[in-house]
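Observations on chain architecture
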Amino acid sequence: MGSRASTLLRDEELEEIKKETGFSHSQITRLYSRFTSLDKGENGTLSREDFQRIPELAINPLGDRIINAFFPEGEDQVNFRGFMRTLAHFRPIEDNEKSKDVNGPEPLNSRSNKLHFAFRLYDLDKDEKISRDELLQVCRGAPGELVLGLCLLIIVGRNCSFL
């Protein structure tokens, strides 16, 4: 399984993805195996339907938003590199210290990139604002504890000028 993935990914590609995302060689190899197992069309890309077959995303109230995050505007397929770039946002922030390049771009899993990524999950109309309707949509699909937390945020937002 891992050796097949290694032979299909060139060493240069592995190194570029490693540098860009901060994932280790073994993590990239495992994720490539997962990517190819999801690629039912065997064309080197994933569609939204491929993601919808992942049980954890299918039951997640934010599943559709997470899936949409993998696809740039107007695209209906994502290649392995795009898949890895999106997954890099989910890496723990502590990992930045190990792979920090002071001359390179900010890591995909930096606090600011994570915040921007999360914001885009909620900004459905892509107007750079999260409206009351967008927030209500999230509340309607969220589990109980999350709804309570969001309601508290709404109450705080009504009473604080910084929101």
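Now for a description of the structure that goes with this document. (Residues numbered from 1 in each chain as written. Predicted model: local features only at pLDDT ≥ 70, side-chain atom pairs only at ≥ 80, totals over all residues. Heavy atoms only, no water.)

We now examine the environment of serine 47. Positionally, serine 47 belongs in the loop between β1 (45-46) and α4 (48-52). Separated by 23 residues in the primary sequence, serine 47 and phenylalanine 70 have C-alpha atoms spaced 9.5 Å apart. Once residues lying within four places of it in the same chain are set aside, the contact partners of serine 47 are Phe71, Asp76 and Gln77. (Helix = DSSP H or I, 4+ residues; strand = E, 2+ residues; numbered from the N terminus. Contact = heavy atoms within 4.5 Å.)

Attention shifts here to the pattern of salt bridges. Tallying each qualifying case throughout the model produces 6 salt bridges. Glutamate 20 serves as the salt-bridge partner of arginine 85, at 2.6 Å between the closest nitrogen and oxygen. Taken together, the residues span a long stretch of sequence, with arginine 85 in helix α7 (residues 80-88) and glutamate 20 in helix α2 (residues 11-21) at a distance of 65 residues. The exposure class of glutamate 20 is partly exposed, given its relative accessible area of 31%. Among the ionic pairs, arginine 53 bridges to aspartate 50, the shortest N-O distance being 2.4 Å. Note on aspartate 50: relative accessible area 6%, which makes it buried. Residues joined in a network through salt bridges with shared partners are Glu16, Glu20, Arg81 and Arg85. (Salt bridge = Lys/Arg side-chain N within 4 Å of Asp/Glu carboxyl O. Buried < 20%, exposed > 50% of the residue type's maximum accessible area, 1.4 Å probe, protein only.)

Within the secondary structure, asparagine 109 is located in the loop between α8 (95-98) and α9 (111-122). Overall, the relative accessible area of 0% leaves asparagine 109 in the buried class. Polar side-chain contacts of asparagine 109 include one of 3.4 Å to the side chain of arginine 91. (Polar contact = N/O pair within 3.5 Å; in protein donor to acceptor, adjacent residues only side chain to side chain.)

Just distances and angles here, no functional claims.
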